Amino acid sequence: MNKGYYIHARAVGHCVQDFLLKTRSHPRTQILSLGAGFDSLYFRLKDMGLLHHTVVEVDFPNVACQKATLIKRMEELSALVGDTEGEGSGVLTLSGEDYKLLGVDLSELFELERAPGEAGLDNAMPTLFIAEVVLTYMENSRSDALIQWAAERFSGVCFLLYEQMHPEDAFGRVMQQHFKQQSSALRSLAQYPDCEAQRRRFLEKGWTECSVMDMNGFFTCCTPEDEQQRVQALEPFDEYGEWHLKCSPYFVLTASKGMEPSWTPLLPSMTAILSNRFGSLFKRVQVLKLPNSMENPDKRWDEQLYHSVSCLSNSLALVVGGQTSPSSAGLGMLGLKLPKTCNADDISVEPVSLQPEPAALCWRHSATEVIFKGEKYLFLYGGRSAMEPVLGDWCFLHTRELSCTVIPVEGPEPESRHSHSACSWKGGARIAGGWGAAEQPLGSVFFLRELEHGFQWQRVETRPPLIPRGVEGIRQYSHTAHVYDGKLLLVGGVWFHSSSVPGITAIDIMTGLCLNCTINVEHLEWPLMLHNHSSLFLSNEELLLIGGGGNCFSFGTHLNPEPVSLSLSSILTSH
């Protein structure tokens, strides 16, 4: 949640500072902050010595009065504002030399039209409008009129907008429900649901240049690498899926008209990012009613996350790794002795020693059954640990002896990764996606192939590439995977720039041909989140999705309440 508020402030600050830099040759500029509330932008700029302009803040009259009272009561704020005069006349609530506070209802355009005159604004002076999650609360006809009025009223003008989008994905549905409960519906989402719609909106209302990107794109492309590393080191962090899902439905938009030089604080190559789709097959979603899950009697191992569980026999399952906090590993490796009957009281938990021990002190890794010379092994690969944010090493665990075995592996090694998928195929393992060391999701697919003397890494070329050059393709992590009928199925996960529920990517193993299929969730009464989930391939071409979901920023936590069954027949037939 802290990073969510950070990226908002970072995006706005980045664009404001760019405006100040581009207009520093002008003797004066002006900033008009719409729906400013109790924002401290003016005081921060003034304290940093960056103010060579007038800041005008606009909000409801009662909010403006409360803020004016607060400023007058605080000596430090009053000193920055300086001598005040003219309060109480018209819409002007507080007036300093370079700070004006206006009490105006933004939805009443005739009132807003009075504001520039009373605040002493100059229509010919370079002007920046700022609207942070403000216009979306207004009726579209009124917010559209405001956007058009700003473009027409000022000759050299910029607009900075920070708002929500993607109302139909799972996070968007949870977000909308939250605001409805607060009696503050987000009214712009239906008409302007994505970056491209918002860009067209501004261009049609008189703005000549407009760039848009979501917060994932902004953090990646507009935040210096050293700043990204600084933020990552501030606190223990292991909520990658929740972080990126929060960033996807928020965007920053910059528009301008009559500015010389052009105002382009966002990278042009990243404007209006859209997901690259290779097809759209819809499946019927059926909700299943299953018995309540058994409660584990031993909370020592039950209270951990991101471990793997592998069934070695009808009577033994192996739990590997996991974490109890973002900086603390779990209990290493544990054996679960399973009874013949489904009685939780008969399950016993025993620690299993492993050499080298670090192989079991990781999380977000994969554990896949492979076969070498007729013997079964668990191939433990990737993940992260308390010491390393991304791991690229592996271990072959003999399933009968529960000991690590050295088996030669040749070929170019895959990039280090965690939160990837791995599944067995022809004695080897197929690795796909994940989160890489460069703090980016990966689109690569590898096959660990069995040879006579060991194994070999082989990179799988997909068509089209999972990350097409110059295009935002399918990059996913925190997904599951299965091989069936000659196809590698990547199920759910976190997709950058997905405008709907992340679906299924089907990759033909022989040809590398990819098909991205969305999931029709209109039959579900609740949002379907497909990260932190597990999936089970059933014999009748049904895929059972179990669990999934997580924290949704400040809007609450959503966990899928019931398992879901997907029919894969349409995917397998069409592909």
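The structure displayed is predicted, hence computed values, not measured ones.

**Q** How should I be thinking about the pairing of strand β11 (residues 316-320) in this particular structure?
**A** As a general feature of sheets, a regular strand has side chains that alternate between the two faces. Across the 5 residues that make up β11, a large majority, 4, are buried. Note that strand β10 (residues 308-311) and β11 share 4 bridges and pair antiparallel. In the strand pairing of β11, S310 is matched with L318. Between β10 and β11, which follow one another and run antiparallel, lie 4 residues. As paired elements, β11 and strand β14 (residues 333-337) share 5 bridges and run antiparallel to each other. The residue bridging L318 from the neighbouring strand is G335, located in β14.

**Q** What is the right way to look at the pattern of salt bridges in this model?
**A** The full count for this structure, using the stated rule, is 17 salt bridges. Between R44 and D39 there is a salt bridge whose closest N-O contact spans 3.9 Å. A residue is classified by how much of its surface remains accessible, and D39, at 22% relative accessible area, is partly exposed. Between E461 and R459 there is a salt bridge, with the nearest N and O atoms lying 4.0 Å from each other. The exposed category is assigned to E461, whose relative accessible area is 56%. Each of E108, E139, R142 and R187 takes part in one network of salt bridges that share partners.

**Q** Would you explain the packing of helix α1 (residues 2-22) against helix α11 (residues 225-232) in this entry?
**A** The relative placement of two packed helices is expressed as an angle between their axes plus a distance between the axes. Interaxial distance between α1 and α11 falls to 12 Å at its minimum, and their mutual angle equals 155°. By the angle between their axes, α1 is roughly antiparallel relative to α11. Judged by the sense of rotation from one axis to the other, the crossing of α1 with α11 is right-handed. The segment α1 lies against α11, with K3, Y6 and R10 engaging E227, R230, V231 and Q232. Across the contact of α1 with α11, the residue classes break down as 2 nonpolar, 1 polar and 4 charged.

**Q** Would you explain the sheet that holds β14 in this entry?
**A** Strands pair in a sheet through their backbones, by hydrogen bonds, and they do so in one of two ways: parallel or antiparallel. An order of β10-β11-β14-β15 is seen for the 4 strands of this open sheet, with the pairing classed as antiparallel. Looking at strand neighbours, the two that pair on one side only are β10 and β15 (348-351), the edges of this open sheet. Ignoring strand direction, the axes of neighbouring strands in this sheet form an average angle of 25°. In this sheet, β15 lies alongside β14 in antiparallel orientation, the contact comprising 4 bridges. Residue pairing for β15: G335 is matched across the bridge by E350.

**Q** Explanation requested: the pairing of strand β16 (residues 366-372) in the structure shown.
**A** Going residue by residue along β16, you find S366, T368, V370 and F372 tucked away on one face and A367, E369 and I371 left uncovered on the opposite face. Both β16 and strand β17 (residues 375-381) contribute to a ladder of 7 bridges, which runs antiparallel. When the bridges of β17 are listed, T368 appears paired with F379. Turn length for the β16-β17 hairpin, with the two strands adjacent in sequence and antiparallel, is 2 residues, and the turn residue K373 shows positive phi of about 55°.

**Q** Sorry, what's going on with unusual backbone geometry here?
**A** Look at the link from E260 to P261: it is a cis peptide, with omega at 0°. Mapped onto the secondary structure, P261 falls in the loop between β8 (250-257) and β9 (285-287). One non-glycine residue, S183, adopts positive backbone phi at about 60°. Counting through the fold element by element, S183 comes out in the loop between α8 (170-181) and α9 (195-204). Overall, S183 belongs to the exposed group, its relative accessible area being 69%. Despite not being glycine, N532 has its phi angle at roughly 60°, a positive value. Tracing the chain through its elements places N532 in the loop between β32 (514-517) and β33 (533-537). The class for N532 is partly exposed, based on a relative accessible area of 31%.

**Q** Sorry if this is basic, but what is going on with the packing of α1 against helix α12 (residues 240-247) here?
**A** Two numbers describe how α1 lies on α12: the axes approach to 10 Å, and their chain directions differ by 35°. Seen from above, α1 lies across α12 with right-handed handedness. Residue-level contacts link K3, G4 and I7 of α1 to W243, K246 and C247 of α12. When grouped by side-chain class, the residues that make up the contact of α1 with α12 number 3 nonpolar, 1 polar and 2 charged.

Conventions and cut-offs
- Residues numbered from 1 in each chain as written.
- Predicted model: local features only at pLDDT ≥ 70, side-chain atom pairs only at ≥ 80, totals over all residues.
- Heavy atoms only, no water.
- Buried < 20%, exposed > 50% of the residue type's maximum accessible area, 1.4 Å probe, protein only.
- Helix = DSSP H or I, 4+ residues; strand = E, 2+ residues; numbered from the N terminus.
- Pairing = 2+ DSSP bridges.
- Salt bridge = Lys/Arg side-chain N within 4 Å of Asp/Glu carboxyl O.
- Axes fitted to C-alpha atoms, helices over the stretch in contact; angles between N-to-C directions.
- Parallel < 35°, antiparallel > 145°, perpendicular 65-115°, else oblique.
- Left-handed = near helix turned anticlockwise from the far one by under 90°.
- Contact = heavy atoms within 4.5 Å.
- Nonpolar A, V, L, I, M, F, W, Y, C, P; charged D, E, K, R; others polar.

Structural measurements only, silent on function.
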